[in-house]
Amino acid sequence: MRTLRIRGPRRPGRRARAAAVTAVLAAAALPAVAAGPLASGPAGVTAGAPADGPGGGLPTGLDPRITAITEKPAYRHAHWGLLEEDPADGRVLHAVAADEFFVPGSAAKLFTVSGTWHTLGGDHRFTTPVHAVGTRAGSALHGDLVLVGRGDLTMGGRTRPDGTVDYRAVDHTYAGSVPGAELTPEDPLAGIDDLARQVRRSGITRVTGDVVVDDRLFTAYPELDPAPAPLIVNDDVIDLLTTPGSAPGRPAVLSWRPQVAPYRVTSTVRTAAAGTPADVSVSASPDGTRITLSGTVPAGGAPVLRVSPVKDPAAFGRTAFVEALRRAGVSVAAPATGPNPVRRLPASYAGAPRVAAHVSPVYAEYAKLILKTSHNLGANLGICLMAAAAGKHGCIDGFPVLTRFLRTAGVDPAQVQLLDGRGGNPVDRATPAAQTRILRYWLGTPDADRFRRALPLLGVDGTLAGSCTACPARGRVSAKTGTVAGFDAVNQGLAVGAETVAGYLDAGRGRRHTFYVGVNGAAVRDIQGLLAVADDLARISALLQEDAAGPPVGRALGRREAARPPSRWDAAALPSRPATAVRLPAGARSRLPSRTSAAVRPPAR
């Protein structure tokens, strides 16, 4: 008989996901939630089950290979939670601390994305209009153009020709915080330019008044970080891409986007010897419009991406629109830069014709972006959109909408505690039972397959792209990941508050099991140790999938795998890149690698 325990926080933890850390890696691990040792059933499985009961059937024994993983030295003082259910008959196949609170990290996005999807509908499209407020005299508008923000997450900046939304395993918003961040090729100003061309096609060539952004749809609150705005352009960041020069000692080459006044970027980054670690820092003026890069990049190395936040999204969006209008052949009397003139906004748009409108991809595409990449801004935006759908102005009013949805979905709200949409607030807690219940809810809806496909797929895409790429379960586990970790100054290592994965197992013959696996309170030496923890959870998920599929596929493959060295999957899945270090507090001494792309530190946004 064995005992499994549980403690604390979690977040996207998966490897290629170089991204493993692709999520809300906290600068300091959140306080752990104590969940004392549980008596275990056969093979170490507790009799604990979801609050709504197992629906018949007792928990069965855990695969001994899973038990071996949980007994590694990194987990000596950690707590474990595990829940696997067969929704077809309600059986609880494995349950460990299923009704106890865990810090959810990015698994919280399962709740907020589900609530937003249910509230708006998977086929909902965001229409961002432009109104002509004033009088027309031929091609002149004697008045203002007003761009009304409606909560479109990408404003065309990621839309592919087929209408789907583009993404990468490590989103650009994590640049500087998570290694491997990449840009998508689409123009981040595509939607803004589209609106400007439509204005010109409406017959307007001259605006004698001003251009205003109406951002009155909702107002964020301090705990919502990053804070969404009704008009979002390029995730409210400036992308800064540094490419090594032709030889060591030469200046590096800088490119940046979107290039909108009055933003100016300068760089003193130089090219260092080949093989040296990249070391690029970003600083900005208080208003964010003067950005400076410094440091070095290795000769022959890959371009290094960093981002700098946009401090005033409405003013930024207004300037971008004025510049786009001028490119489209529409002159504007007002200056392009400066504050957004909100005092010019009308009380209503009655009598103010719509002269342009940008229509987004469907919300299901945005849900995929949020879940695949663990997109924090998009998850927080969902809270605000639920508030707006209820006719409220404050984003905090989105939570009653979410609570009502949870009840509709059969989730006990008492098992979910949240203060944001992304799972990064110290308040955030959820039980494994609540997380599998929201997954079970989707299986009974017409959007079941659509939602499942929006989740990262083991060894294939999203935050699970680099995990278990050679194991039999590749492509057969769809799940949301999560990681919470931070620098441990006492032991000069990393405290892994939590690593979690929750989703669906392909059980064969058209069946799917819901599952949750989480560990809180692990301790590792460095980033490679953290990646190994993430890989352990991927391996556990893979083993659960094998066992769920059963013979001949699952069991037979399981026996073959049992004969391999236990570390084979882990080693195969580790990315071939140098270990990434943690930004330490000033003056702190550490045994960790000396430089970093701040893998264990919250993204700048």
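Residues numbered from 1 in each chain as written. Predicted model: local features only at pLDDT ≥ 70, side-chain atom pairs only at ≥ 80, totals over all residues. Heavy atoms only, no water.

Following both chains from N to C, one finds helix H6 (residues 376-389) and helix H7 (residues 398-408) inclined at 90°, their axes separated by 7 Å at the closest point. As judged from the angle between their axes, H6 and H7 are roughly perpendicular. Along the contact surface, H6 presents Ile 383, Met 386 and Ala 387, while H7 presents Gly 398, Phe 399, Val 401 and Leu 402. In terms of residue class, the contact of H6 with H7 is made up of six nonpolar, one polar and no charged. (Axes fitted to C-alpha atoms, helices over the stretch in contact; angles between N-to-C directions. Helix = DSSP H or I, 4+ residues; strand = E, 2+ residues; numbered from the N terminus. Parallel < 35°, antiparallel > 145°, perpendicular 65-115°, else oblique. Contact = heavy atoms within 4.5 Å. Nonpolar A, V, L, I, M, F, W, Y, C, P; charged D, E, K, R; others polar.)

Further remarks concern the sheet that holds strand E8 (residues 253-257). The sheet built from three strands is open, its strands ordered E8-E7-E13 with antiparallel pairing. The open sheet is flanked by E8 and strand E13 (304-309), the only strands paired with a single partner. Strand after strand, the sheet turns through a mean of 25° between neighbouring axes, direction not considered. Pairing geometry for strand E7 (residues 237-243) and E8, over five bridges, is antiparallel. Pairing of Thr 243 across the sheet is with Val 253, part of E8. (Pairing = 2+ DSSP bridges.)

Okay, the packing of helix H3 (residues 190-201) against helix H4 (residues 313-327) next. Contact geometry of H3 with H4 gives a least axis separation of 8 Å together with a crossing angle of 50°. If you check the angle between H3 and H4, you find them oblique. Considering how the two elements wind past one another, H3 and H4 form a crossing that is right-handed. For the pair H3 and H4, the contacting residues are Ile 192, Asp 193, Leu 195, Ala 196 and Val 199 in the first and Ala 320, Phe 321, Ala 324, Leu 325 and Arg 327 in the second. Among the residues making up the contact of H3 with H4, the classes are represented as eight nonpolar, no polar and two charged. (Left-handed = near helix turned anticlockwise from the far one by under 90°.)

The subject of this paragraph is the environment of Thr 469. You can see Thr 469 is positioned in the loop between helix H9 (448-453) and strand E18 (477-488). Taking the C-alpha atoms as reference points, Thr 469 and Leu 458, eleven residues apart in sequence, are found 7.4 Å from one another.

Now for the side chain of Ser 106. Along the chain, the position of Ser 106 falls in the loop between strand E2 (91-96) and helix H2 (109-120). For Ser 106, the side chain forms a polar contact with the side chain of Lys 109, separated by 2.9 Å. (Polar contact = N/O pair within 3.5 Å; in protein donor to acceptor, adjacent residues only side chain to side chain.)

The next thing to look at is helix H5 (residues 363-373). Counting buried residues along H5, eleven of its eleven residues qualify, which places the element largely inside the surrounding structure. Those residues of H5 lying buried are Tyr 363, Ala 364, Glu 365, Tyr 366, Ala 367, Lys 368, Leu 369, Ile 370, Leu 371, Lys 372 and Thr 373. Where H5 is buried, its residues contact H2, strand E3 (125-137), strand E15 (354-362), H6, H9 and E18. Phi for Ser 374, located one or two positions after H5, is positive at around 60°. (Buried < 20%, exposed > 50% of the residue type's maximum accessible area, 1.4 Å probe, protein only.)

This part is about the nonpolar core. Core analysis: the biggest nonpolar cluster contains 88 residues, and Phe 111, Ile 438, Phe 451, Leu 458 and Val 517 have the highest contact counts within it. Broken down by element, this core gets its largest block of residues, ten residues, from helix H10 (residues 527-549). Beyond its immediate sequence surroundings of up to four residues, Ile 438 is in contact with Leu 110, Phe 111, Ser 114, Phe 405, Leu 406, Ala 409 and Val 411. (Core = buried A, V, L, I, M, F, W, Y, C linked by side-chain atoms within 4.5 Å.)

This structure, assessed with the given rule, holds ten aromatic pairs. Ring centres of Trp 117 and Tyr 363 lie 6.4 Å apart, and the angle between their planes is 85°; this geometry places the pair in the edge-to-face category. With Trp 117 in helix H2 and Tyr 363 in helix H5, this residue pair connects regions lying 246 residues apart in the sequence. For the pair shown, Trp 117 and Tyr 363 are each scored as buried. Taken together, Trp 117, Tyr 363, Phe 405, Tyr 441, Trp 442 and Phe 451 form an aromatic cluster joined through their ring pairs. (Phe/Tyr/Trp six-rings, centres within 6.5 Å; stacked < 30°, edge-to-face > 60°.)

Time to look at the pairing of strand E6 (residues 211-214). Burial along E6 is two-sided: the residues Val 211 and Val 213 and Val 212 and Asp 214 are all buried. As defined by bridge partners, strand E4 (residues 140-148) adjoins E6 across four bridges and the pair is classed as parallel. Bridge pairing links Leu 145 to Val 211 in E6.

Attention now goes to H3. Taking 1.5 Å of rise per residue, the twelve residues of H3 would be expected to cover 16 Å, and the 17 Å separating its terminal C-alpha atoms lies within 8% of that figure. Listed in full, the buried residues belonging to H3 are Gly 191, Ile 192, Asp 193, Asp 194, Leu 195, Ala 196, Gln 198 and Val 199. In this fold, the buried residues of H3 make contact with E3, E4, H4 and E15. Of the residues flanking the end of H3, it is Gly 203, one or two places downstream, whose phi is positive at about 105°. (Expected span 1.5 Å × (residues − 1).)

It is worth spelling out the pattern of salt bridges at this point. For the structure shown, the criterion picks out 20 salt bridges. In this structure, Lys 72 engages Asp 536 in a salt bridge whose closest nitrogen and oxygen atoms are separated by 2.8 Å. Of this pair, Lys 72 sits in the loop between helix H1 (64-70) and strand E1 (79-86) while Asp 536 sits in helix H10, and the two are 464 residues apart along the sequence. Residues Asp 89 and Arg 91 are paired through a salt bridge, measuring 2.7 Å at the closest nitrogen-oxygen approach. Classification of Arg 91 as partly exposed rests on a relative accessible area of 32%. Via salt bridges that share partners, Asp 86, Asp 89 and Arg 91 belong to a single interconnected network. (Salt bridge = Lys/Arg side-chain N within 4 Å of Asp/Glu carboxyl O.)

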